Structure formats: C-alpha cells, structure tokens
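So the chains spell out like this:
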Amino acid sequence: MWPRILSEVSLSASPLERNLQLGCAAIIIFESSFYLFDQRRHLRLQLKSSRRPLDTALERYMASPHVAAVREAVSTVVHTYQGNSSAWKAVLGIERPESKLIKTILEIALQHRLPRT
C-alpha cells in the first residue's frame, strides 16, 4: 500500500520536497496507526480484525483531504526555503533556516492529523 503514497508525490518536485512530503505522510499515518492499535488493545479486540492498524491508517489518510493539503503546504515551505531569499530569513529571525524548516514540517504534520475515530 505504500506505493499509493508515492503516487501522490509530484514527480516534478525536488528530492527535498518529495522526502518531506513522504515524511509528513509517514508521521500522520504512524500516529494514527498507533492510536488504532492502542484502541484495539484497550478494547481487547486484539487480532480479531483482519486489517492491521497501519493499513487502516494508510487507507484513511489516502481517502482524506489531508493528502492534498500536506502536499501543498510542504511544497510552499520547500520552495520558500530553497529560494533562500532575504524575506525568508527575515521571517525566520534565526541564522539556521533548516531549524525553521523542520519545525514548520512538523507543524504541518500536526495540523493534518487524522481523527481518532
């Protein structure tokens, strides 16, 4: 099922952009699958479902509007970062733009978490 995520990543995107899009998707999917696993464990439904939590989380993510939203947000951030303009540095207010890039990518992943249902 992971090839489905790869199909959503733009082939024209830079390697950095592709990797960050995949990283955001992985964070969102793994967090959701952990919640599903934990929910099953507490409800004592272990292994009664034929679907693995990771597969369920991946399916939910791929069906959600978050795929496009993450792709757009990451693309915007990466293009700004790669432009390395003085405007970007002014927004950062720090010497190391990589720190802000990583923080922004994590914020994107947190903003697009899947619902816990």
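Our subject is the structure that appears above.
The rules behind the values
- Residues numbered from 1 in each chain as written.
- Predicted model: local features only at pLDDT ≥ 70, side-chain atom pairs only at ≥ 80, totals over all residues.
- Heavy atoms only, no water.
- Salt bridge = Lys/Arg side-chain N within 4 Å of Asp/Glu carboxyl O.
- Helix = DSSP H or I, 4+ residues; strand = E, 2+ residues; numbered from the N terminus.
- Buried < 20%, exposed > 50% of the residue type's maximum accessible area, 1.4 Å probe, protein only.
- Expected span 1.5 Å × (residues − 1).
- Polar contact = N/O pair within 3.5 Å; in protein donor to acceptor, adjacent residues only side chain to side chain.
- Contact = heavy atoms within 4.5 Å.

**Brief notes about the pattern of salt bridges**
A full pass over the atoms with the stated rule returns two salt bridges. Two residues, Arg113 and Glu31, come together in a salt bridge whose shortest N-O distance is 2.7 Å. With Arg113 in the segment after helix H6 (97-111) and Glu31 in helix H2 (residues 15-43), this residue pair connects regions lying 82 residues apart in the sequence. The class for Arg113 is partly exposed, based on a relative accessible area of 39%. For the salt bridge of Arg52 with Asp55, the shortest nitrogen-to-oxygen distance reads 3.1 Å.

**Overview of helix H4 (residues 66-83)**
Because an α-helix packs 3.6 residues into every turn, residues spaced three or four apart end up facing the same way. Its 18 residues give H4 an end-to-end C-alpha distance of 25 Å, which sits within 8% of 26 Å, the value for a rise of 1.5 Å per residue. Those residues of H4 that fall on the buried side of the exposure criterion are His66, Val67, Val70, Val74, Ser75, Val77, Val78 and Tyr81.

**Considering the side chain of Ser33**
The residue Ser33 is located in helix H2 in this model. Given a relative accessible area of 10%, Ser33 falls into the buried group. Polar contacts involving the side chain of Ser33 include one to the main-chain carbonyl oxygen of Phe30, which spans 3.0 Å. When near neighbours in sequence (up to four residues on either side) are disregarded, Ser33 contacts Pro53, Leu54 and Ala57.

**Here we look at the environment of Arg40**
Along the chain, Arg40 falls in helix H2. We classify Arg40 as buried; its relative accessible area is 17%. As a C-alpha pair, Arg40 and Pro53 span 13 residues in sequence and 8.9 Å in three-dimensional space.

**Some remarks on the environment of Thr56**
Looking at the element boundaries, Thr56 is found in helix H3 (residues 53-63). Residue classification places Thr56 among the buried positions, given a relative accessible area of 16%. Put simply, Thr56 and Ser33 are 23 residues apart on the chain and 7.2 Å apart in space, counted from C-alpha to C-alpha. Residues contacting Thr56, with those up to four places away along its chain left out, are Leu36 and Arg51.

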